[in-house]
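Coordinate inspection notes
One-letter residues, chain by chain:
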Amino acid sequence: MKFCDKDGGLLVPDKSGNKKLICINCGKKYPLAKEKVILKEEIKNKERVEVVDSDVEINPKIDIECPNCGHGKAFFWSLQTRAADEGETSFYKCTKCNHKWRKYD
Ligand SMILES: [Zn+2]
Ligand SMILES: [Zn+2]
């Protein structure tokens, strides 16, 4: 049970169906605690998606010719492949046409 922090009145669900609690004494409205938690999770998920989408753009740009459009700049990053003896695989993404390609060192 929850009570109003202003006058200690009992909080009941708002009958207008806006998912809020309302004080029976003064009518002050409070958001449901549950709703707050969901909102936080949504923000977290949104942030995660944005990070995944933009991870290529934080990589350094290097001078390399794009095999797709001939543009001279591309984002560069490298990943260790699963087999240790294969070494690193370099990835490039053209800053102009977003074409992606890879190169084995
Ligand atoms: Zn109240
Ligand atoms: Zn290109």
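The structure presented is a predicted model; accordingly, all values stated were derived computationally and were not measured.

About the thresholds
Residues numbered from 1 in each chain as written. Chains lettered and ligands numbered in written order. Predicted model: local features only at pLDDT ≥ 70, side-chain atom pairs only at ≥ 80, totals over all residues. Core = buried A, V, L, I, M, F, W, Y, C linked by C-beta atoms within 7 Å. Buried ≥ 20, exposed ≤ 12 C-beta atoms within 10 Å, placed from the backbone. Helix = DSSP H or I, 4+ residues; strand = E, 2+ residues; numbered from the N terminus. Contact = placed C-beta atoms within 7 Å. Pairing = 2+ DSSP bridges. Axes fitted to C-alpha atoms, helices over the stretch in contact; angles between N-to-C directions. pLDDT = per-residue confidence, 0-100.

1. Section: the nonpolar core
Within the largest apolar cluster, 5 residues are counted, these being Cys 66, Ala 74, Phe 75, Tyr 92 and Cys 94. Those elements that provide at least two residues to this core are β5 (73-80) and β6 (88-94). Beyond its immediate stretch of four places on either side in the chain, Cys 66 contacts His 71, Ala 74, Cys 94, Lys 96, Cys 97 and His 99.

2. Some thoughts on the pairing of β5
Alignment of strand β4 (residues 61-63) against β5, held across 3 bridges, turns out to be antiparallel. Directly across from Asp 63, in β5, lies its bridge partner Lys 73. Sheet topology note: the β5/β6 ladder contains 7 bridges and is antiparallel. Opposite Phe 75, over in β6, you have Lys 93 as the bridge partner.

3. As for the sheet that holds strand β3 (residues 29-31)
The antiparallel open sheet is built from 3 strands, whose spatial order is β1-β2-β3. Both outer strands of the open sheet, β1 (11-13) and β3, are each paired with one neighbouring strand and no more. Shown here is a sheet whose adjacent strand axes are inclined to one another by a mean of 35 degrees, direction ignored. As paired strands, β1 and strand β2 (residues 20-23) are joined by 3 bridges and run antiparallel to one another. Its bridge partner lying in β2, Leu 11 is registered against Cys 23.

4. Let's talk about the environment of Glu 88
Residue placement: Glu 88 occurs in strand β6. By the C-beta count within 10 Å, which is 12 here, Glu 88 ends up exposed. As a C-alpha pair, Glu 88 and Lys 103 span 15 residues in sequence and 9.1 Å in three-dimensional space.

5. Examining unusual backbone geometry
The phi torsion at Asn 98 lies on the positive side, around 65 degrees, for a residue other than glycine. Residue position: Asn 98 is located in the loop between β6 and β7 (100-104). Judged by C-beta crowding, with 13 C-beta atoms within 10 Å, Asn 98 ranks as partly exposed.

6. Remarks on the confidence of the model for the chain
Per-residue confidence for the chain gives a mean pLDDT of 79, with 69% of residues at or over 70. Across the chain, element-level confidence peaks in β4 with a mean pLDDT of 93 and bottoms out in helix α1 (residues 33-54) with 54. When the criterion is pLDDT under 50, residues 49-54 qualifies, and its contacts beyond four places in sequence or with other chains add up to 0 contacts.

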